Every structure is written in C-alpha cells, then in structure tokens.
Amino acid sequence: MAPQKSSQTTSQKLTRDEVAKNNTEDSLWCIIDHKVYDLTDFLDAHPGGSVVLRQIAGQDATQAFYNLHRHEVLQKYEASLCIGTIEGEKSEVVDPKPGDLSTVPYAEPLWLAPVFKSPYYNESHRRLQRAVREFVDTDVYPEAQEKELDGTYISQGLVDKMAANNLLAMRLGPGKHLSGRELMGGAVGGEEFDYFHDLIVAQELSRAVARGFQDGNMAGMMISLTAVRQWANDSALRDKVTHECLSGKKFMCLAITEAFAGSDVAGIRTTARKSEDGKHYIINGTKKWITNGMFADYFVTGCKTEKGFSVILVPRDDNIETKRIKTSYSTAAATTFIEFDNVKVPVNHLLGKEDDGFIVIMSNFNHERWAMACSVIRWMRTIVEECLKWTHQRTVFGKPLITQPVMRQKLAKMISLTEACQNWLEAITYQMCQMSYAQQSKLLGGPIGLLKSYATRCAHDVADDAVNIFGGRGITQSGMGRVVEQFHRTYKFDAILGGTEEILADLGVRQAMKQMPKAML
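On a predicted model such as this, the values are computed, not experimentally measured, just so you know.

Colleague: Would you explain the overall build of the protein chain in this entry?
Modeller: In terms of helices and strands, the protein chain carries 18 helices and 17 strands. Relative to the globule expectation of 24 Å for 521 residues, the C-alpha radius of gyration of the protein chain, 26 Å, shows essentially globular dimensions. Considering only C-alpha atoms, the protein chain reaches an extent of 90 × 65 × 45 Å along its principal axes. Counting only residues that meet the buried cut, the protein chain has 52% of its 521 residues in that class. In the protein chain, the proportion of contacts linking residues at least 24 apart, taken out of those at least 6 apart, comes to 74%.

Encoded structure:
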C-alpha cells in the first residue's frame, strides 16, 4: 500500500527501489533532495505539463528540478506532495527559515559575515537587523509578492503591524519622533537609533524583492513627513500629523514633480495664492508621478507663490482629484497624477518660509536620495546572490555554468561594484551620524548625489550582466529569473526618482566647485 499523505508523512522512510516501482501515471513518484514526492494527483495541475513529470517518474529528479525551478516552489508544495524521505539519506539543500542570514558568499554585507569585522556596527545594530529581517520574511515578503502581481495597495493590516512595532517611525531616520519608543519589540531604544540603524531598515525592507510594492510601502510618507517634522511652523499641526501618520491612520506623499517640471523644480506651475482675508492659500495646478498619491490623506506640495517657491501641507478634500499612472513597475506603488482645483488650505500649513521653499525641498532630498541608494545597493547584492546560485546549479554542456570563465568574470565585476557601493554608502552614513541636520544639508548634498548617481550606474551594469547570465529566464517575469527580470525592468526608478543621474552628478561637482581654494597650480 502506498504511503498516505499527511503532516507526518515526511518521517516515513522509503528506499530508492520502492520509488523506482512507482513510475506510471497511476502512481508517479520522484526524489528531490533525498525526499520522496507523490506527483500522481499533480500531473494535470503541473504548470509545465504532464510530459515533463512522466519523464522523471520513479527517478531522482533533483538536478532536473533545480535546473527549472526555484527552491521556493518546493517549499510551496512540500506539505501536500512530500510522502517521505530516502532511508539513510539526508537533505543537502539549505532550507532557510525566516530571519536567517544567507550562507552564499557576498549575499550579505561584510559586517554580517561572522569572519569579518566593521567599525560602524554594534550589537544594537545586529539585534535590529535580526528583528527586521524576521518581520520582513514573515509579514512583508508574502504580501509584497501578492501585491506586486495584482497591483493593489498595501493592506491596512500590514500598516498596523508596522505602526505597532514602530517600523513606520524608523522610516524617518533618527530624531525626536523616536523618543520613548521601543523599536521592534525592544531590539533598539528610540534614543540610540542612528543612521546605521536607518540603513539596516532600508536594506532589509528591500529584501521583499517587489520594487513597486517597495515604494507602495510608505515611501511617500518617508520622503514627505520628514519635511513636516523639520519645517512645520505650527507645532500642534506638526505633532497631530506625525501621530496620524506614524500610527498608520493617515497617509502622506510628496507632491513636487509635474509634467512641466521634473529635476527643474524652478519650472513648477502649480500656484498658491493668498485669499483676500490672508487666512488661506488657494492652490491650483497638477502634479505627476507622485508615489502613494492614490491613497494619500496629505500632500506636501511645491507651489509658486507671489515672489518665489513655497512648500505647503495640503490635506485631501473634494477639490483634489487623483488618477493612477501605470509605469514599468507594479501599480502597488500608487503612482499618481494629481489635480488641485481651487484647494483652500490654512496659511499655518506653510512649511518653512513663504517664497523660500527651495531649501525645504533640497534639504529634504538628502535623506530620500540616501535611502534610495541604500535600497538599490541591497538589490544589487540580491542579484549577485541570484547569479551565484544559478551559475552553480545550472548545467550546460555537461558542466555547471560557473565553470565558464566568462561567467566568473561577470560575477567578479558584479561583486566588485556592489561592495564598492556598500563601502561608500557606509562612509557617508558615518558622516551623517556625526552631523546635525543643518550640517548635512550644507555638506552632504553633493556626496549623497554622487553616491546615488554612481550606485544606479553600477546597478545598470549589474542588471545587464545578470540578464545575460540567466539568458531567456532573465527576461521572463516568472520562474528562475523573475528577480533578475524585475531588477532589470525597475532599477531605472532609482536612477530617475529623487533626481536623475546626470543632475545629481552635476550637483556633486558644483558643490565641490564651491569648496575650491583660491590657490591654483
């Protein structure tokens, strides 16, 4: 009698001879990584058709399986299809658990590798990393994968969890808003949270490998609530909005870009004119490509005022219309076209000084651009891991792909670019930890701009080589190459959003020009 499938069946011991006898459509077994799977009832459901399964009936299909599938496919079906293990044999494939570090070389930044040391990180950073990774693996990743595919927005349930563990509050970086908060269940105290903790949060959240959802996961709040915190003139309004957003009850976005003005902020046409009694601004205009705008309750909005440029916190009302824009990544990002039609906003919603809003936006850009660098560099590392795994398990011409010298050269380049970017990122992060907000605004705009520009240029090369390593799978949105395909399709968001590579590279050099000494060669 064939073994019965149940939660206990994986403890049954079977021999290879027993498996070999079950080689027909009426009873089709195979072996994958020393475990026995009964595929009889799965023949018609197999996405690749029944022929492939009949070809491996009664055999060890380990190599054939891993040439075609990611390990997560096996994890998905193991509970329902696995009926036992081969007697006297043990599984060899590492089955990662939520929170685990990868054992693949270069898959983790060096500070997380047991054999390497770093002057930047202490035990509090390690505690936070473990806590955030487990949370991402358990709670964020499953929803991210679902939402990336169906294009719907982040669930209130996940937002509530991130409010409860203060992950939402951490997205703003260090500051008084963290005072008295227990972060991730006490992994770190709010007062000890620094920019390296901030870096960890940004990079761990990126491991959900869902680029549209990544931006849909409160990226709008991260880049706009910081401006409210720093520049609000009404402290009561600031505290109210902060509480609403960090508790997950309200949502926010940054509304600067227009069809008429991208990197050229001075070209903005949205206007804010004072009402006759001087108590309100009347806002008219449009904004485009605004992340999270579809579900935002507040819009931190760049406007032309009488003598310059101003930034105003605009609450949603019936005179604001939002329309979804479909871009290269998932609509889970809630990318939006916004129309303001005679929107009336109290004057105490002004951020900074009237006609002097350029400093509000420019200083706010630093953290946004730095966070984007954190994320794209983590994505590069994920792609390195994908390519290392694939080249070791893919067999071509009877040999593993990694035996080809050209593959090793590509991997060497990808690893080098990733490690160089991470090290530059950490060097700048250290400077951020030593500076006040005002000092960062004055001194780090150029270096952060150069870092982001360089990182996305490196991402271009990493994405290009990764697709070539994966071949056809690298341009397929499902299966073995889906992560590589997604990165190749979406890395440009980091190259464009927050300032293009060319604009930021120029900014870096122009900032250096200001510091040039008068003495020349």
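Continuing now.
Colleague: Teacher, can you tell me more about the packing of aromatic side chains here?
Modeller: Per the stated rule, a full pass over the model turns up 15 aromatic pairs. Note on Phe-42 and Tyr-77: the rings are 5.0 Å apart at their centroids and 55° apart in plane angle, and the pair reads as tilted. Of this pair, Phe-42 sits in the loop between strand S4 (35-38) and helix H2 (50-55) while Tyr-77 sits in helix H4 (residues 71-81), placing them 35 residues apart in sequence. Measuring from centroid to centroid gives 6.0 Å for Phe-299 and Phe-340, while their planes differ by 90°, and the two rings are edge-to-face. With Phe-299 in strand S11 (residues 298-305) and Phe-340 in strand S14 (residues 336-346), the pair connects residues that are 41 residues apart, well separated along the chain. For the residue pair Phe-299 and Phe-340, the accessibility class agrees, reading buried in each case. Among the aromatic residues, ring-to-ring pairing joins Trp-111, Tyr-120, Tyr-121, Phe-196 and Tyr-430 into one connected group. For the cation-ring pair, Arg-369 lies above Phe-365, with the distance from its terminal atom to the ring centre recorded as 4.2 Å.

Colleague: What's the story with the packing of helix H5 (residues 123-150) against helix H6 (residues 156-164) in this structure? I'm lost.
Modeller: Two numbers describe a pair of packed helices, the interaxial angle and the distance between the axes. In the contact formed by H5 and H6, the axes pass within 10 Å of each other and the chain directions differ by 155°. In terms of axis orientation, H5 runs roughly antiparallel to H6. Here the hand of the crossing between H5 and H6 comes out left-handed. On H6, the residues that touch Phe-135, Asp-139, Val-140 and Glu-143 of H5 are Leu-158, Lys-161 and Met-162. Among the residues forming the contact of H5 with H6, the class breakdown is four nonpolar, no polar and three charged.

Colleague: I tried to follow unusual backbone geometry on my own but got confused; where do I start?
Modeller: For residues besides glycine, phi is generally negative; the peptide bonds are generally trans as well. Not every positive phi belongs to a glycine, and Tyr-106 is a case in point at roughly 70°. Under the relative-accessibility criterion, Tyr-106 is labelled partly exposed at 40%.

Colleague: Just to check I follow, could you spell out the side chain of Arg-369 for this structure?
Modeller: As for its position among the elements, Arg-369 is in helix H12 (residues 358-393). Glu-368 is the oppositely charged side chain nearest to the buried, salt-bridge-free Arg-369, at an N-O distance of 6.1 Å. The residues touching Arg-369, leaving out its near neighbours within four places in the chain, are Ile-448, Lys-452, Gly-498, Gly-499, Leu-504 and Leu-507.

Colleague: What am I meant to see in the sheet that holds S4 here?
Modeller: Hydrogen bonds along the backbone pair up the strands of a sheet, which may run parallel or antiparallel. Strands sit in the order S1-S5-S4-S3-S2 across an open sheet of five strands; the sheet is mixed. On the outer flanks of this sheet lie strand S1 (13-14) and strand S2 (23-24), each paired with one strand and no other. Here S1 pairs with strand S5 (residues 82-86) via two bridges, running parallel. Pairing of Lys-13 across the sheet is with Thr-85, part of S5.

Colleague: Could you clarify how one ought to interpret the packing of helix H10 (residues 219-231) against H12 in this entry?
Modeller: H12 packs onto H10 with a crossing angle of 135° between their chain directions and a minimal axis gap of 9 Å. Relative to H12, the element H10 is oriented oblique. Both H10 and H12 take part in a crossing whose hand is right-handed. In contact with Met-222, Ile-223, Thr-226, Ala-227 and Trp-231 of H10, H12 contributes Ile-359, Val-360, Ser-363, Asn-364, His-367, Glu-368 and Ala-371.

Colleague: Looking at this structure, I do not really get the environment of Phe-196. What am I missing?
Modeller: For Phe-196, the position within the fold is in helix H8 (residues 195-206). The class of Phe-196 is buried, set by a relative accessible area of 2%. Spatially, the C-alpha atoms of Phe-196 and Asn-122 are 9.7 Å apart, while their sequence positions differ by 74 residues.

Colleague: What's the story with a nonpolar patch on the surface in this structure? I'm lost.
Modeller: On the surface, Leu-110, Val-115 and Phe-116 cluster together into a nonpolar patch covering about 280 Å² of accessible area. Locating Val-115 in the fold gives a position in the loop between S5 and H5. For Val-115, a relative accessible area of 67% puts it in the exposed group.

Colleague: Got a minute to help me understand the environment of Asp-137 in this structure?
Modeller: Along the chain, Asp-137 falls in helix H5. Relative accessible area serves as the criterion here: at 22%, Asp-137 is assigned to the partly exposed category. For the pair Asp-137 and Ile-503, spaced 366 residues apart in sequence, the C-alpha separation works out to 36 Å. Excluding residues that lie within four positions of it along the chain, Asp-137 makes contacts with Lys-97, Pro-98, Gly-99, Asp-100, Pro-142 and Arg-207.

Colleague: Would you mind showing me how to read the pairing of strand S8 (residues 252-255) here?
Modeller: Sheet faces and side chains relate simply in a regular strand, where the side chains alternate between the two faces. Side-chain alternation along S8 places Met-252 and Leu-254 on one buried face and Cys-253 and Ala-255 on a second face that is also buried. Pairing of S8 with S11, which is carried by four bridges, proceeds in the parallel orientation. Directly across from Cys-253, in S11, lies its bridge partner Phe-299.

Each value, and the rule that gives it
- Residues numbered from 1 in each chain as written.
- Predicted model: local features only at pLDDT ≥ 70, side-chain atom pairs only at ≥ 80, totals over all residues.
- Heavy atoms only, no water.
- Helix = DSSP H or I, 4+ residues; strand = E, 2+ residues; numbered from the N terminus.
- Rg over C-alpha atoms; globule rule 2.2 N^0.38 Å.
- Buried < 20%, exposed > 50% of the residue type's maximum accessible area, 1.4 Å probe, protein only.
- Contact = heavy atoms within 4.5 Å.
- Phe/Tyr/Trp six-rings, centres within 6.5 Å; stacked < 30°, edge-to-face > 60°.
- Lys NZ or Arg CZ within 6 Å of the ring centre and 35° of its normal.
- Axes fitted to C-alpha atoms, helices over the stretch in contact; angles between N-to-C directions.
- Parallel < 35°, antiparallel > 145°, perpendicular 65-115°, else oblique.
- Left-handed = near helix turned anticlockwise from the far one by under 90°.
- Nonpolar A, V, L, I, M, F, W, Y, C, P; charged D, E, K, R; others polar.
- Lys, Arg positive; Asp, Glu negative; His and termini not counted.
- Salt bridge = Lys/Arg side-chain N within 4 Å of Asp/Glu carboxyl O.
- Pairing = 2+ DSSP bridges.
- Patch = residues over 30% accessible without salt bridge, like charges linked within 9 Å, V, L, I, M, F, W, Y side chains within 5 Å.
- Areas by Shrake-Rupley, 256 points an atom, 1.4 Å probe, with all protein chains shown as cover.

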